[in-house]
Amino acid sequence: MIRKVIITVFVFTCLLSLNAFALNGSVEGEAVSDAKYMADTLLVLIAAFLVFFMQAGFAMVESGFTRAKNAVNILMKNLMDFSMGSIAYWAIGFAIMFGTGSAFMGTSGWFVPADSTAFASLEWSSVPTHAAWLFQLVFAATAATIVSGAMAERTQFKSYLIYSVFITGIIYPIVGHWIWGGGWLANFGAGMLDFAGSTVVHSTGGWLALTGAIVLGPRLGKYDADGKPRPIAGHNLPLAALGVFILWLGWFGFNPGSQMGADAADISLIAVTTNIAAAAGAITAMITAWMFLGKPDAGMSLNGALAGLVAITAGCAFVNPVSAAIIGALGGIVVVLSVLLLERMKIDDPVGAISVHGTCGALGTILLGFFHSDQGIFFGGSFGFLGAQIVGVVAVFIWCLVTGFILFYGIKAITGLRVTEEEEQAGLDYEEHGASAYPDFNVSSIR
Amino acid sequence: MIRKVIITVFVFTCLLSLNAFALNGSVEGEAVSDAKYMADTLLVLIAAFLVFFMQAGFAMVESGFTRAKNAVNILMKNLMDFSMGSIAYWAIGFAIMFGTGSAFMGTSGWFVPADSTAFASLEWSSVPTHAAWLFQLVFAATAATIVSGAMAERTQFKSYLIYSVFITGIIYPIVGHWIWGGGWLANFGAGMLDFAGSTVVHSTGGWLALTGAIVLGPRLGKYDADGKPRPIAGHNLPLAALGVFILWLGWFGFNPGSQMGADAADISLIAVTTNIAAAAGAITAMITAWMFLGKPDAGMSLNGALAGLVAITAGCAFVNPVSAAIIGALGGIVVVLSVLLLERMKIDDPVGAISVHGTCGALGTILLGFFHSDQGIFFGGSFGFLGAQIVGVVAVFIWCLVTGFILFYGIKAITGLRVTEEEEQAGLDYEEHGASAYPDFNVSSIR
Amino acid sequence: MIRKVIITVFVFTCLLSLNAFALNGSVEGEAVSDAKYMADTLLVLIAAFLVFFMQAGFAMVESGFTRAKNAVNILMKNLMDFSMGSIAYWAIGFAIMFGTGSAFMGTSGWFVPADSTAFASLEWSSVPTHAAWLFQLVFAATAATIVSGAMAERTQFKSYLIYSVFITGIIYPIVGHWIWGGGWLANFGAGMLDFAGSTVVHSTGGWLALTGAIVLGPRLGKYDADGKPRPIAGHNLPLAALGVFILWLGWFGFNPGSQMGADAADISLIAVTTNIAAAAGAITAMITAWMFLGKPDAGMSLNGALAGLVAITAGCAFVNPVSAAIIGALGGIVVVLSVLLLERMKIDDPVGAISVHGTCGALGTILLGFFHSDQGIFFGGSFGFLGAQIVGVVAVFIWCLVTGFILFYGIKAITGLRVTEEEEQAGLDYEEHGASAYPDFNVSSIR
């Protein structure tokens, strides 16, 4: 089975590669010396590097928030989703997202040719196509990696390889086309706005994670005989905290970089709104957890910072700092409630990915309808704009639920999705990877 | 009690927010397209992102250098001081530091309005006000986070929340106003110079840490019955080493970014002097520790790199690389002696923060009086300049001691500062946060 | 003995410093305001900062892939090689590498004077000399740090200090002079090309590591009585994975920065080829390991990403993305085979450094002869170019083997190279540094 998958992927890649060879025969040779062109490119590339580093952040958060016996597995998933995603998003993803095509998807620009005529919807970009691709790739990989958190500690490794290709190569790029690639949502009514991807990236990842978690079912031992949830604490809080700081850093690429051009005042504002929302989210999540759980819970506070970041992502360029603080603060409150609610609904999300990215992504996108400095309800805007935001959120939710269930039930039927009970009990590291994350330590495996 | 604090902070924030709403009603709309403006802004923002990442460095250093049973607590402190600090420095700190006002403090520009007329002392800055704010915020947060290291393993979490707001919002900004905001020290005699904050940021943090450590008293078990100090090793050297590398990286934002403008030759020199001082500090600290302790101690060597960085911060733009090597080397020697001396004086600083930031910050500021390439004694300068440096160091020392003792004795009297003996024995993580940093591992709590 | 070494180094440094003082008396004063100059400098400095951060990556990879009982030691080695290297490459290394001199080595520009007339071969650089130095320093330190991985867990700390100075100060700069400093290889036949250092940096580090590992011999217990290799797993996979992500991030400085100028299209292409090769290497290494070892091995997959990065480094600016994918994919396959082969040859390399950097560096340099978009065999190029690549690879291999054996046998004869059996058994941390990396944990030392 494994071999079949590998061979299929390999052959497919080879064929596409040969096809692309002709297209990519020569490297870019234009020598545009304009200072703005250069500054824009520097910004976009540096932002891309920072967002790439978010992969390390996700790897640390997801391994830190899960058990030691599954640490190798989750790290490998993070490494491989970015690697497989890099190939998939290069081969087909970018063409589907930004290629000239229909209102539903793009259909030109496979393997990202250096000349940009294939990408009519990239007219907003003043940087080389390669730079734009790299920046968009790291976003696509973010969407895919979010899913791994909610499905942690019980998913087969090879199923993971398959679904991450589908998400990065097809499901995510189609959402992206709708909103950023000149598709139907960008032109719906007043025009939906999602500056850096609260919905495009985070909600897409979060709702796909939701379907994955539902299809898988909860981890063994997550609920006792009476159906009461049992806490399963993460095994390494310092790693998780490091991961959150890395993600926060990466967001300074994620949001300002989405300007795709180095306008000084704009990117400064974006960096400020991003930071204030994160801070506010951490504070309100801490307070909310303190009230509901009796203690200033570290996991909740860390997720609160992320919730603030996710919530501000849609509007970071369009709101003032006070609005950013409010949006972030609401994100921090909502993420705690969402985590507690999902747990009660028997949807087991070991790291809180659905709440952080799905719930707070939707929240932030809708709040932009209220707080946009020109078009928001609170600033004299129309209900039409708010309506477009809500339609966008709902459309992406439906798309992800439909495609997510097809994807995960499909994998379940064909190759299987979940590991055996024995393997889950013993930990995925030994059986799936023949390794232990901490062989010098006495690690408990009976949690 | 907790609730009272929370509610007070919350109400205060709400009121200020409402007030600010009017001021911040619209986002920045100017479209300045000048290349230098753009390059300056890129530099300052990227530098700000790197300095932000120093929060992760401090979190790793402080948790790595303390015991496993207090790891969650110190991580939470690091997360929350940046989050609370972001709000406090936005609401009032920046206005006090750079707002137009008196020689003692600024009094205009609350909540950082985008138009910069409120900030007469920002005339040196050629970047958008928002970018300048973000860059200054990450400095303010650095000062606050230094304190947490020296007070680790025995401070109540809620006391920490309170003091970090006071430091970031008031105590630090006033020092900053004196030296960088056009206050009295900037105009004292020949004019005190502290390019990137050996005194403004590091000594301020270090001396406040000193008062905190004195008011708290040493950790249980730090001194035996005869008063002899007992070593309490940090629980995770790899994390601490990672933290130091992250801090070193962050300093490449801290120092070159303080140029606040992208002058190629200047920022190149600054990056070089910064690096050479760090390297020299690590080497001399290793040698000094080898002589005094008999082994090339890892903790001392890591702190030596930081000591070199702190010492060069005042003069990084004003000295040549050879001087930088000497300043860094002296920092590395002095930090080891300072750590040993403080330990003997019964001032318990678990991570060496007072020595690294307080002592070496003062050292570097005074050494600039000797090594400044134009004004230094060794380069034909006058004693007047050296005098101004010394006055600055002493003034900040006195200010921090006075305000620090008021702050910490105040908190002690009103809400309590230190945890109970039982809690300290068991570790702060369980009692304060209801969590363990490493639940899958067999962690010793009897050190 | 230790004292002698220290005193010698110290006196030597002092003398050189005094000498340099005169040269470096004044800081750079030119105020060139050209936008391109500024953008180039920003690029090179930011790239240098990212490559500096690779030191943290190496520290995490090397400590993660070795045993807990040697973690402090390997971290100290990483800290000190960069620190000693900073001084050595400043005092003599940069002058040997880029100073005006013969075809063999440069002989002017000791202590990096700010005016660049000493560096005729830096004419390609449009940035301040200080920026160029910092960028080159972090490369030199990379070459030195590679060696520590292969020699981990059995080398004396003081021997390490000595050899890292020789590598950074002399052996590496001479290779660099040959290829990048206008030396004989740059002008050999069609002219050897090694854009960012597959050979200059990585093979040099890898082949020196090979000699070190041979002179040391394998770790105790690596081979059983019949000579069969025994796996010795690394003690902390999450740290190793974090390290690989940090290295991948750093490579976005390593490769695009090597352009030494901010040409938008070029650096965008370089970033893309770099990323695609890394992704392809991770995938093929995973598949190769899966076939040979039966499991998707995490260590091999992580090293596969690095192998792809090393392999593309020579040609990242000269090949198209499809070629990059193929080069990276071959790197991922070859690294696994190389690791297995070396293990069978009784060359014990705890972290796989020889295979990743030595083997794949050579591989990538030779593959450029086939895939260069203009001069490669597959694109109608001549065999002369391929020949120059092969000559370069062989010349560097011979140089490193000769100097490496002289260096390591010399140290072995004079101060000793390897720790005692007892010390190795107990772990280097206690005996060499008087510390444990994880004092709160129950760490096994009998692996």
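Structure report, in brief. (Residues numbered from 1 in each chain as written. Chains lettered and ligands numbered in written order. Predicted model: local features only at pLDDT ≥ 70, side-chain atom pairs only at ≥ 80, totals over all residues. Heavy atoms only, no water.)

## Notes on the overall build of chain A
Filter applied, for reference: The helix count covers DSSP runs of H or I at least four residues long, the strand count covers runs of E at least two residues long, and both are numbered beginning at the N terminus. Computation of the radius of gyration draws on C-alpha atoms, with the globule rule given as 2.2 Å multiplied by the number of residues to the power 0.38. Burial here depends on accessible area, computed with a 1.4 Å probe over protein chains only, as a share of the maximum for the residue type. Under 20% is buried, over 50% is exposed, and the range in between is partly exposed. Here a residue-residue contact requires only that any non-hydrogen atoms of the pair lie within 4.5 Å.
Secondary structure assignment for chain A yields 14 helices and zero strands. The order of α-helices and β-strands along chain A, N terminus first, is α-α-α-α-α-α-α-α-α-α-α-α-α-α. Its C-alpha atoms give chain A a radius of gyration of 21 Å, near enough to 22 Å, the size a compact globule of 447 residues would have. Taken across its 447 residues, chain A has 70% of its residues classed as buried. Taking the contacts inside chain A whose residues are at least 6 apart along the sequence as the reference set, 77% of them involve residues at least 24 apart.

## Here we look at a nonpolar patch on the surface
Residue and element names in this part refer to chain A. We count it as follows: The patches described consist of residues with a relative accessible area above 30% and no salt bridge, like charges being joined within 9 Å and nonpolar side chains (Val, Leu, Ile, Met, Phe, Trp, Tyr) within 5 Å. Accessibility throughout is a Shrake-Rupley quantity obtained with a 1.4 Å probe, and a residue counts as covered only by protein chains that appear here. What counts as a salt bridge is simple: a side-chain nitrogen of Lys or Arg found within 4 Å of a carboxyl oxygen of Asp or Glu.
On the surface, Met291, Phe292, Leu293, Ile326, Leu330, Ile333 and Leu337 cluster together into a nonpolar patch covering about 590 Å² of accessible area. It is helix 10 (residues 321-344) that provides the largest number of residues to the nonpolar patch, a total of four residues. On the secondary structure map, Phe292 appears in helix 8 (residues 264-293). We classify Phe292 as exposed; its relative accessible area is 53%.

## Focus: the interface of chain C and chain B
Under the convention used in this document: The term buried area denotes the loss of accessible surface (1.4 Å probe radius) that occurs when two parts are joined, taken as the sum for both partners. Contacts described as polar in this section are N or O atom pairs within 3.5 Å, which, within protein, must combine one atom able to donate a hydrogen with one able to accept it, while residues neighboring in sequence count only if both atoms come from side chains. Residue polarity is assigned by list, with Asp, Glu, Lys and Arg as charged and Ala, Val, Leu, Ile, Met, Phe, Trp, Tyr, Cys and Pro as nonpolar; anything else, Gly included, falls into the polar class.
Contact residues are listed per partner, giving 61 residues for chain C and 63 residues for chain B. Carbon and sulfur atoms make up 80% of the area that chain C and chain B hide from each other, which totals about 5,200 Å². Put simply, chain C and chain B have zero salt bridges between them. Counting every contact that joins chain C to chain B gives six residue pairs in polar contact (both at pLDDT 80 or more). For the side of chain C that touches chain B, the secondary-structure elements that each account for two or more residues are helix 1 (2-23), helix 2 (35-64), helix 3 (71-98), helix 4 (129-150), helix 5 (157-179), helix 7 (237-257) and helix 14 (428-433) of chain C. Looking at the side of chain C that touches chain B, the element that brings in the most residues is helix 2 of chain C, giving 14 residues. Class assignment of the residues belonging to the side of chain C that touches chain B gives a composition of 42 nonpolar, 13 polar and six charged.

## A few points about the relation of the copies chain C and chain B
To keep things clear, this is the line we draw: Residues reaching a pLDDT of at least 70 in both copies supply the C-alpha atoms on which the copies are superposed by least squares.
Rotating chain C by 120° and translating it 0.0 Å along the rotation axis places it on chain B, where the RMSD comes to 0.0 Å. Accordingly, the operation relating the two chain copies is best matched by a three-fold axis. By residue overlap, the copies meet through two different surfaces: only 15% of the interface positions of chain C are interface positions in chain B.

## A look at the interface of chain C and chain A
Tallying the contact residues gives 63 residues for chain C and 61 residues for chain A. Roughly 5,200 Å² of surface becomes buried between chain C and chain A when both sides are summed, with 80% attributable to carbon and sulfur atoms. On the surface where chain C and chain A come into contact, there are zero salt bridges. Our count for the contact surface shared by chain C and chain A stands at six residue pairs in polar contact (both at pLDDT 80 or more). Those elements that place two or more of their residues in the side of chain C that touches chain A are helix 2, helix 7, helix 8 (264-293), helix 9 (298-313) and helix 10 (321-344) of chain C. If one sorts the elements of the side of chain C that touches chain A by residue count, helix 8 of chain C sits on top with 16 residues.

## Some words on the environment of C:Ser126
Residues and elements named next belong to chain C. Relative to the helices and strands, Ser126 resides in the loop between helix 3 and helix 4. On the basis of relative accessibility, which here comes to 30%, the residue Ser126 falls in the partly exposed class. Along the chain, Ser126 and Gly261 lie 135 residues apart, while their C-alpha atoms are 6.8 Å from each other. For Ser126, the residues in contact, after removing those within four places along its chain, are Tyr37, Asp40 and Met260.

## Remarks on empty space enclosed by the protein
Operational definition: A cavity, in this analysis, means grid points on a 1 Å lattice covering only the protein atoms where a 1.4 Å probe fits yet has no way out; a pocket is instead an open set bounded by protein on both sides within 12 Å along at least five of seven lines, and a residue lines either one if it has an atom within 4 Å of a point. Grid points are joined across faces, edges and corners, and a volume is the space filled by probe spheres set on the points.
Taken as a whole and judged by the stated rule, the model has 11 cavities of 30 Å³ or more. If you add up the space inside the largest cavity, you get close to 210 Å³. Every residue lining the largest cavity is counted, 15 residues in all, and those nearest its centre are A:Ile46, A:Leu50, B:Ile46, B:Leu50 and C:Leu50. Elements with a minimum of two residues in the lining of the largest cavity: helix 2 (35-64) of chain A, helix 2 (35-64) of chain B together with helix 2 of chain C. A per-class count over the lining of the largest cavity returns 15 nonpolar, no polar and no charged. Put simply, the second largest cavity is a space of about 150 Å³. Forming the walls of the second largest cavity are 15 residues, and the residues nearest its centre are A:Asn236, B:Asn236, B:Tyr438, C:Asn236 and C:Tyr438. Counting residues per element, the ones that place at least two in the lining of the second largest cavity are helix 7 (237-257) of chain A, helix 7 (237-257) of chain B together with helix 7 of chain C.

## Overview of the environment of A:Tyr438
With respect to the secondary-structure elements, A:Tyr438 resides in the segment after helix 14 (428-433). A relative accessible area of 3% means that A:Tyr438 is categorised as buried. The spatial distance from the C-alpha of A:Tyr438 to the C-alpha of A:Ala71 is 9.0 Å, given a sequence separation of 367 residues. Ignoring any residue separated from it by four or fewer positions in sequence, one finds A:Tyr438 in contact with A:Ala68, A:His235, A:Asn236, A:Leu239, A:Val443, B:Phe441, C:His235, C:Asn236 and C:Pro238. There is a polar contact of 2.6 Å between the side chain of A:Tyr438 and the side chain of A:His235.

## Comments concerning the side chain of A:Glu153
All names here are of chain A. Turning to its location among the elements, Glu153 is positioned in the loop between helix 4 (129-150) and helix 5 (157-179). Within the structure, the side chain of Glu153 is placed 2.9 Å from the backbone nitrogen of Arg67, a separation counted as a polar contact. Of the polar contacts made by the side chain of Glu153, one reaches the side chain of Arg219; its length is 2.3 Å. Not counting chain neighbours up to four residues away, the residues in contact with Glu153 comprise Thr66, Arg67, Asn70, Arg219, Pro350, Glu424 and Leu428.

## So, unusual backbone geometry
Residues and elements named next belong to chain B. Phi at Glu153 is positive, roughly 75°, even though this residue is not glycine. Judged by relative accessible area, which is 2%, Glu153 ranks as buried. Look at Met260: it is not a glycine, yet its phi comes out positive at around 55°. Among the structural elements, Met260 can be located in the loop between helix 7 and helix 8 (264-293).

## So, helix 6 (residues 198-216) of chain A
Residues and elements named next belong to chain A. Going by this rule: One fewer than the residue count of a helix, multiplied by 1.5 Å, yields its expected span. What the bend at a residue measures is the angle between two axes, fitted to the seven residues ending there and to the seven starting there.
Here helix 6 is 19 residues long and its end C-alpha atoms lie 25 Å apart, about the 27 Å a rise of 1.5 Å per residue gives. Maximal helix bending in helix 6 amounts to about 25°, located at Thr204. Most of helix 6 is tucked away: 18 of the 19 residues are buried. With its phi angle positive at about 80°, Gly217 sits one or two positions after the end of helix 6.

## Structural notes on the nonpolar core
The cut-off we apply is this: As used in this record, nonpolar core signifies buried Ala, Val, Leu, Ile, Met, Phe, Trp, Tyr and Cys residues forming a set joined through side-chain atoms within 4.5 Å.
In terms of nonpolar packing, the biggest core is built from 501 residues, with A:Tyr172, B:Tyr172 and C:Tyr172 touching the most fellow members. Leave out the neighbours within four places in its chain, and B:Tyr172 touches B:Tyr89, B:Met97, B:Phe139, B:Ala140, B:Ala143, B:Ile167, B:Trp180, B:Val200, B:Val201 and B:Thr204.

## Some details on the relation of the copies chain C and chain A
Expressed as a screw operation, the relation of chain C to chain A combines 0.0 Å of axial shift with a rotation of 120°, fitting to an RMSD of 0.0 Å. By residue overlap, the copies meet through two different surfaces: only 14% of the interface positions of chain C are interface positions in chain A.

## Quick notes on the packing of aromatic side chains
Inclusion rule: Two aromatic rings, drawn from Phe, Tyr or Trp (for Trp, its six-membered ring), form a pair once their centres lie within 6.5 Å of each other, and the interplanar angle then sorts them: stacked below 30 degrees, edge-to-face above 60, tilted otherwise. When the NZ atom of lysine or the CZ atom of arginine is within 6 Å of a ring's centre and also within 35 degrees of its normal, the charge is said to sit over that ring.
Overall, the coordinates contain 93 aromatic pairs over all chains when judged by the stated rule. Centroid distance C:Phe139 to C:Trp180: 6.1 Å. Interplanar angle 65°. Geometry classified as edge-to-face. Here the residue C:Phe139 occupies a position in helix 4, and C:Trp180 occupies one in the loop between helix 5 and helix 6 (198-216), the gap between them amounting to 41 residues. Classification of C:Trp180 as buried rests on a relative accessible area of 16%. A network of ring pairs unites the aromatic residues A:Phe49, A:Phe52, A:Phe82, C:Phe245, C:Trp248 and C:Phe252 as a single cluster. Stacked on the ring of A:Tyr223, the Lys or Arg A:Lys346 has its end atom at 5.6 Å from the ring centre.

## Looking at the environment of C:Glu421
Residues and elements named next belong to chain C. If you trace the backbone, Glu421 turns up in helix 13 (residues 421-426). Looking at Glu421, the relative accessible area reads 54%, which means it is exposed. For the pair formed by Glu421 and Ile326, sequence separation is 95 residues and the distance between their alpha carbons is 45 Å.

## Some remarks on the pattern of salt bridges
For side chains bearing opposite charge, pairing can occur when the charged atoms are close. Scanning the model with the defined rule gives 18 salt bridges over all chains in all. Of the charged contacts in the structure, one is a salt bridge between B:Asp40 and B:Lys36, with a shortest N-O distance of 2.7 Å. Of the two residues, B:Asp40 and B:Lys36 are both situated in helix 2; the distance of four residues between them amounts to about one turn of the helix. Since its relative accessible area comes to 1%, B:Asp40 is described here as buried. Among the residues examined, B:Lys36 registers a relative accessible area of 48% and is labelled partly exposed. Taken together, the shared-partner salt bridges in this structure form one network comprising A:Arg67, A:Glu153, A:Arg219 and A:Asp348.

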